[in-house]
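Read off the chains here:
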2 protein chains.
Amino acid sequence: MDMQVSFLDRLFDSGLLIDTGVDGLYGRSGQFEDVIAAFERLIDKVGGADGAEAIRFPPGMNRAYFEKSGYMKSFPQLAGTVHSFCGNDHDHAGLLQCLEEGGEWTKDQKATDIALTPAACYPLYPTVAKRGPLPMEGGLFDLQSYCFRHEPSKDPARQQLFRMREYVCMGTEDHVTAFRQTWMDRGVEMMKSIGLDVEIDVANDPFFGRAGRLLANNQRDQNLKFELLIPVTSQTKKTACMSFNYHQDAFGQKWGLNLEDGAVAHTACVGFGLERIALALFAQHGLDVKLWPDHVRKVLWG
Amino acid sequence: MDMQVSFLDRLFDSGLLIDTGVDGLYGRSGQFEDVIAAFERLIDKVGGADGAEAIRFPPGMNRAYFEKSGYMKSFPQLAGTVHSFCGNDHDHAGLLQCLEEGGEWTKDQKATDIALTPAACYPLYPTVAKRGPLPMEGGLFDLQSYCFRHEPSKDPARQQLFRMREYVCMGTEDHVTAFRQTWMDRGVEMMKSIGLDVEIDVANDPFFGRAGRLLANNQRDQNLKFELLIPVTSQTKKTACMSFNYHQDAFGQKWGLNLEDGAVAHTACVGFGLERIALALFAQHGLDVKLWPDHVRKVLWG
């Protein structure tokens, strides 16, 4: 924890991250953004020949889809719903008085049709399902968006609003598990090429509550989730900078994703935590990008 | 309105925008994003020599700053606050039952410390104020973020989550009003260079309620806001694709922004509605970017 605070303070002092007064909610300097842009170009280079369809969703999604996704069952503590004022002039006067008195004015906000996107791929499944059956050779999608998770923290690698780049593959079990394995290999190579120590380990999602423990154990036992770990604020407790997820046919069933032969599609996704990768680079090579090793600068900026 | 629906349908059919089931909340195709990226490079080219400090805030901001900004006084109907589940296992069981029964589960969500960013510059003022006095030559900042406004609409140019690029200038009255005039001239030239018909007109913000009418009239009378208008879905009711705002010393007073000589800073901002500009290009030159006029393609893609 001390290492996390100390790294966060150094990031604030250097101006790479900007304190907003809320833990896990930071501004980014132009330099920080330039590192993320460079790493995204590296992703494009490595994944580009696969011919994924690029889609960019905004940082919020249809709340009806969010509800159907089951996110509130598994991760209610992390979710964010968007609420708005829906009153008239009279209600507005009351709101302003409440604000003036330092009261809880937000209690009268009403839920809108929008929930914040918890992972870049959540809006994709219903979108693809609406198109009809997938071709037998499957589907491949390239996504990126800001995502929200309500977990205030002094660990700069645990932000409430952060960007996730993802590739999502839909098809047969063999197809999507091979896709996942390809990206595990590529991920290790990419991180090595920018001078980062990596390991891959089996993992589980942070399922909520007592019942969640069972789900987490089940996910581990079936090797459904792997993470690529890099030291950011600690050599012993490393940070997950990529994740590799096989959903079996769970999303296919839920959203009605079928292949042309009528079989339910299996799905897998690989996600890059873009802020975490940038932070891993700053932790490993220092806060001054000009002083990073030449071979790393060459991979990132050519 | 029919023209708006028809243009939105054509955008959906072409795949440039992707229906998410919520009015004003759309996915974007890779092609759509490429147009926005190209236009942002044009902004960089036009504004780059000014030496603005680039900062990128996430799509949410500190709710305490949001409250202090006065947004809930002027535009409560447009604001979005982020709410989360903060209960225990027992509460979670109740939530899931409510969801199961199709009940109003969101009523138990609690407001977090985060409000959605209503305009890219809102998080900037408190950030700059914390740094201490501005140099006498002033400050210039380059911002971009997704912004939220709760105004569901079938007009593709009125989205609930959209990107705003902004330059913000802080300094003396003469300095910031000259900055604003420079960008009005540049904006007209930029839009002409990409084949768009433009005009600039005085404007007002959509202040809420009865009292809002007075504020809007006052803003117009004092020429505090101008908009650059381009036909998107209508030749007669044009769409504001840029705005040019002079805040006098209102934000300087509110946030404690001072110059080195102790004077309260004046501020001005110019904003680009990036989705609106992309839509104006598609409306003017057609949905197939390959068929756009050569001189337009040359300006955007070199």
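Residues numbered from 1 in each chain as written. Chains lettered and ligands numbered in written order. Predicted model: local features only at pLDDT ≥ 70, side-chain atom pairs only at ≥ 80, totals over all residues. Heavy atoms only, no water.

An unreviewed UniProt entry annotates chain A as Amino acid--[acyl-carrier-protein] ligase originating from Rhizobium alvei.

(A) How the structure looks around the domain arrangement of chain A. All names here are of chain A. Domain parsing of chain A yields domain 1 (2-80 + 118-301) and domain 2 (86-116). A separation of 35 Å is found between the C-alpha centroids of domain 1 and domain 2. Both faces combined, the contact of domain 1 with domain 2 buries some 660 Å², and carbon together with sulfur accounts for 55% of it. For the interface between domain 1 and domain 2, the tally reads zero salt bridges. (Domains from an automatic or database assignment. Buried area = accessible area lost by both parts, 1.4 Å probe. Salt bridge = Lys/Arg side-chain N within 4 Å of Asp/Glu carboxyl O.)

(B) Inspection of the interface of chain A and chain B at higher detail. Listed as interface residues are 61 residues of chain A and, on the opposing side, 62 residues of chain B. Both sides together, the interface formed by chain A and chain B hides about 4900 Å², and carbon and sulfur atoms give 68% of it. Between chain A and chain B we count two salt bridges in total. As a salt-bridge pair, arginine 210 of chain A and aspartate 89 of chain B come within 3.7 Å of each other at their nearest N and O atoms. Our enumeration of links across chain A and chain B arrives at 21 residue pairs in polar contact (both at pLDDT 80 or more). Here the side of chain A that touches chain B is composed, by residue class, of 28 nonpolar, 22 polar and eleven charged. (Contact = heavy atoms within 4.5 Å. Polar contact = N/O pair within 3.5 Å; in protein donor to acceptor, adjacent residues only side chain to side chain. Nonpolar A, V, L, I, M, F, W, Y, C, P; charged D, E, K, R; others polar.)

(C) Layout of the pattern of salt bridges. In total, this model carries 34 salt bridges over all chains according to the counting rule given. A single salt-bridge network, built from bridges that share partners, covers Glu40, Asp44, Arg56, Asp142 and Arg165 of chain A.

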